[in-house]
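Survey of secondary and tertiary structure
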Amino acid sequence: MSVAPQIPAPQKATLEQHGAKAHSDGGWDASEKGFIPVQTRSERFSSVLHDDFPAVTGQEVDWKLSPVDLLRPLIDDELDGSEYELAAPDAVGAVVEWVPRDDARVGSAGKPEDRASANAWSSTQKVLSITLSGETPVALGVDRTGFGSTPRGAHTVITATKHTSAHVVIRSTGAAHVVENLEIVVEDGADLTLVSLQEWDDDAIHLASHFAQVGRDAKLTHIIVSLSGKVVRVNPSVHLSGEGSSAELYGLYFADAGQHLEQRVYLHHEAANTKGRVNYKGALQGAGARTVWVGDVLIGRQASGTDSYEQNRNLVLTEGTRADSIPNLEIETGDILGAGHASATGRFDDEQLFYLQARGITEAEARRLVVIGFLSEIVQKIGDAALEAYLHEKIEWELSASASQGGAA
Amino acid sequence: MSVLAVKDLHVSVETEQGTKQILKGVDLTVNQGEIHAIMGPNGSGKSTLAYSIAGHPKYHVESGSVTLDGVEVLTMSVDQRARAGLFLAMQYPVEIPGVRVADFLRTAKTALDGEAPALRPWIKEVNEAMKGLRMDKTFSERNVNEGFSGGEKKRHEILQLELLKPRFAILDETDSGLDVDALKVVSEGVNRAKAATGLGVLLITHYTRILRYIKPDFVHVFVDGKIAEEGGPELAERLEDEGYDRFLPNSSESASASVV
């Protein structure tokens, strides 16, 4: 019997198969009833006054993925805005001081865009000011330990003065129930790396809005690392306002059972010839582990020559987790070098595991290698060997803790 | 002497069109120190044989056995098979972002030996093996297979073969995509590994070219999921001249015989 070669009939591709369906976060389908055109990101309302914002229902675009019920005290209650405990060893070129809220530096990088951020703004009595300057590179570490469990507001202004090169690590540990604003001013020609490391106690609740202005030919490397806390929501808004400025925005998060880790990133290319790179990577393990990443990139009318790319990758390690990943790209000028975005959320790559196991490495060890490798792309950006080694250890610890959790389940 | 024995192996794979039989009764015995070339046309199931022995989850063994010195391999996990002494040099090695070659090699060696190799002699051994394969020293600092050229990937596979010292190695189309210079370098690596440890080799290839550099003791022609003909090195020479046509169903003699 001769067998004619089978030519498989072309598969009819459906939109569903390609994921080319309406976005689940809605509002994109013009035929929808009650359609409201998507607002340009830069036109979002901002104010420093709590009462200027309507009460939060939990349906708003910027709150609907957050556990609002747990955040009520921070959104609406009176907040303790006094100084809190911190340790900042002296560093050459760095001045760390408490200043009154009417200091001229306050408000130089941005204004609140939500009710919780405005609540913090109007509640804060003392603002932590960090000024970085000088000819030699500055390295500063700030340890924040003393927020305590009563609801607090906090405000920080970091200023990298003209042509200063600085590396700042803000590490937060202990109990916290805090909403804060953090302003970052990178003056012309300055080069600032800011690492914001969240290692809170398991029941901590932390809302943060970061506002950054990056001046002419200046560079900001902004890295968020969130490893623990009940709810940690850090939203950086970075404005490339000076010509030739650039920003690299990185994030690393590892959500365990019952943790909600959220980051809403906004990168605004305002001036010409600016460059932006956004890369966030997360791992989720354990029942109810939840992450949210929203990446808004806006390329403004004046931003000719923009080069921009944003991506988010999530590695789902167990059942019962949820990762939201929503990249948005708005382009108001066609005269750009390039702009792109990518998002992927997936389980372990079986081929990677097979490759490692085929070399004798056990499945558990292979998984460990793959996760650490996946996250190390971000760790490698930190630019501080001791901190990088520390984070690798922390990730190992997270993995072993989660593995034993999984074993018990 | 170690023996790898494949007996009446039937393997299927799930496709969108349903279950597809790929291996239809493979019998093969490889003794330690022997080189067996498995040759055959595309789609004949050569790679399936390689991955089934290594334990890739995509392939379902329906019946038959694979034993290593009489011990059933098919019930072992992928990593247990490797620790038992099997090695698969892959045709398309995957990238593993963020995992450095140096760390990967040491982790694998530790897993196979049950203890970490002493650091200084190990580094020396790695460096010498890399030198033998004309690999730059910086190679060990790169992430596994990430951004490697086709030739670099194959060298990296053979580097592992030399360092991990298996009893039996399956080389899945290690020659494909290599230019002559790279092919020579890679073949020398295989020959070095064999001289050093006396391993048995199952060399899977579509072309006879690599057999000029790695001399087979036996040649098996693989067609439609089983071995259609076996012989010595002279069989490879015949295939070089005639190709696979006489084994294919639409060639003249088999076609006339198969008219129903």
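The structure contained in this document is the topic of the report that follows. This is a predicted model, so every value here is computed, not measured.

Another point: the overall build of chain B. Across its full length, chain B holds 8 helices and 12 strands. The C-alpha radius of gyration of chain B comes to 19 Å, within 12% of the 18 Å expected for a compact globule of 260 residues. The principal-axis extents of the C-alpha atoms in chain B amount to approximately 70 × 40 × 40 Å. Expressed as a percentage of the 260 residues in chain B, the buried residues total 53%. Entry remark: accessible area of chain B is about 11,600 Å², with carbon and sulfur atoms responsible for 50%. Averaging the positions of the 30 positive and the 38 negative side-chain charges in chain B gives two centres separated by 6 Å.

Let us now look at the sheet that holds strand 15 (residues 290–299) of chain A. All names here are of chain A. One open sheet accounts for 9 strands, arranged 2-3-5-7-9-11-13-15-17; its pairing is mixed. Looking at strand neighbours, the two that pair on one side only are strand 2 (94–100) and strand 17 (322–331), the edges of this open sheet. For this sheet, the mean inter-axis angle between neighbouring strands, taken without regard to orientation, is 10°. One ladder, built from 5 bridges, connects strand 3 (residues 126–132) with strand 5 (residues 148–160); its direction is parallel. If you follow Thr 131 over to strand 5, its bridge partner there is Thr 159. Sheet strands in contact with helix 2 (residues 115–123) are strand 5, strand 7 (176–186) and strand 9 (205–214), and its direction is about 85° off that of strand 7.

Further remarks concern the pairing of strand 16 (residues 307–316) of chain A. All names here are of chain A. In terms of residue burial, strand 16 counts as a mostly covered element, since 8 of its 10 residues are buried. Across 10 bridges, strand 14 (residues 275–284) lies against strand 16 in parallel orientation. Looking at strand 16, one finds that Leu 284 is bridged to Val 316. The sheet contact formed by strand 16 and strand 18 (residues 338–346) spans 9 bridges and is parallel. Across the sheet, the residue bridging to Arg 313 is Ala 344, located in strand 18.

Here we take up the nonpolar core. Core analysis: the biggest nonpolar cluster contains 115 residues, and Leu 9, Leu 49, Leu 161 and Leu 171 of chain B have the highest contact counts within it. A per-element tally of this core places helix 4 (residues 363–379) of chain A first, with 9 residues. Once residues lying within four places of it in the same chain are set aside, the contact partners of Leu 9 of chain B are Leu 23, Lys 24, Gly 25, Val 26, Leu 49, Val 61, Ser 63, Gly 64, Ser 65, Val 66 and Leu 74 of chain B. Of all hydrophobic cores here, the second largest spans 52 residues; its members include Ile 170, Leu 182, Ala 190 and Tyr 253 of chain A.

This part takes up the environment of Leu 315 of chain A. All names here are of chain A. By the secondary structure assignment, Leu 315 is in strand 16. Exposure remark for Leu 315: the relative accessible area of 6% places this residue in the buried category. Counting along the chain gives 32 residues from Leu 315 to Ala 283, while the straight-line C-alpha distance between them is 4.7 Å. In this view, Leu 315 contacts Gly 282, Ala 283, Leu 284, Gly 346, Arg 347, Phe 348, Val 371 and Phe 374; residues no more than four positions away in its chain are not counted.

Criteria and thresholds
Residues numbered from 1 in each chain as written. Chains lettered and ligands numbered in written order. Predicted model: local features only at pLDDT ≥ 70, side-chain atom pairs only at ≥ 80, totals over all residues. Heavy atoms only, no water. Helix = DSSP H or I, 4+ residues; strand = E, 2+ residues; numbered from the N terminus. Rg over C-alpha atoms; globule rule 2.2 N^0.38 Å. Buried < 20%, exposed > 50% of the residue type's maximum accessible area, 1.4 Å probe, protein only. Areas by Shrake-Rupley, 256 points an atom, 1.4 Å probe, with all protein chains shown as cover. Lys, Arg positive; Asp, Glu negative; His and termini not counted. Charge placed at Lys NZ, Arg CZ, Asp CG, Glu CD. Pairing = 2+ DSSP bridges. Axes fitted to C-alpha atoms, helices over the stretch in contact; angles between N-to-C directions. Contact = heavy atoms within 4.5 Å. Core = buried A, V, L, I, M, F, W, Y, C linked by side-chain atoms within 4.5 Å.

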